[in-house]
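A look at the structure
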Amino acid sequence: MSATGLCAVCGEGNAEYTCDRCGSLVCERHYEPSLGYCVECAGEVGGGRQTNGNDQPENGDTYQF
Ligand SMILES: [Zn+2]
Ligand SMILES: [Zn+2]
């Protein structure tokens, strides 16, 4: 009896992590423990590409130290 399932990325049956963003079940190789996301979500949120909904303005005129 295994509690694991098929990895949503590679399709192998040793997935034991759940992405905290999309909820996909992924294996250790396709999970980013530092983020709690699968590699696909980690690539979206950590790849420097900003998606809609971020509250940081692109125009940095208001930055001050
Ligand atoms: Zn995998
Ligand atoms: Zn994900």
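Scope of this entry: the structure provided in the associated data block. (Residues numbered from 1 in each chain as written. Chains lettered and ligands numbered in written order. Predicted model: local features only at pLDDT ≥ 70, side-chain atom pairs only at ≥ 80, totals over all residues. Heavy atoms only, no water.)

**Points about the coordination of the zinc ion (ligand 2)**
Definition in use: Excluding water, the donors of a metal are its N, O and S neighbours within 2.8 Å, or within 3.2 Å for Na, K and Ca, and that exclusion means sites may look incomplete. For four-coordinate sites, all angles between 85 and 135 degrees define a tetrahedron; for four- and six-coordinate sites, opposite donors beyond 155 degrees with the remaining angles between 65 and 115 define square planar and octahedral shapes respectively, and all other cases count as irregular. Throughout this description, buried means an accessible area under 20% of the type-specific maximum (1.4 Å probe, protein chains only), exposed means over 50%, and partly exposed covers the range between.
Here the zinc ion (ligand 2) is held by Cys19 (SG), Cys22 (SG), Cys38 (SG) and Cys41 (SG), and the distances to it run 2.3 Å. Here the zinc ion (ligand 2) is ringed by 4 donor atoms whose angles at the metal span 103 to 115°, and the overall shape comes out tetrahedral. For Cys38, a relative accessible area of 2% corresponds to the buried category. Note on Cys41: relative accessible area 4%, which makes it buried.

**A closer look at the packing of aromatic side chains**
So the rule is basically this: Two rings from Phe, Tyr or Trp (for Trp, the six-membered ring) form a pair when their centres are within 6.5 Å of each other. A pair whose planes differ by under 30 degrees is stacked, one over 60 is edge-to-face, and the rest are tilted. Labels follow the DSSP assignment, with helices taken as runs of H or I lasting at least four residues and strands as runs of E lasting at least two, numbered in each case from the N terminus.
One pass over the structure, following the stated rule, counts 1 aromatic pair. Each ring, one from Tyr17 and one from Tyr31, has its centre 4.6 Å from the other, and the planes form 15°; the classification is stacked. Placement of the pair is Tyr17 in strand S1 (residues 17–18) and Tyr31 in strand S3 (residues 31–32), with a sequence separation of 14 residues.

Distances and angles like these do not, on their own, reveal function.
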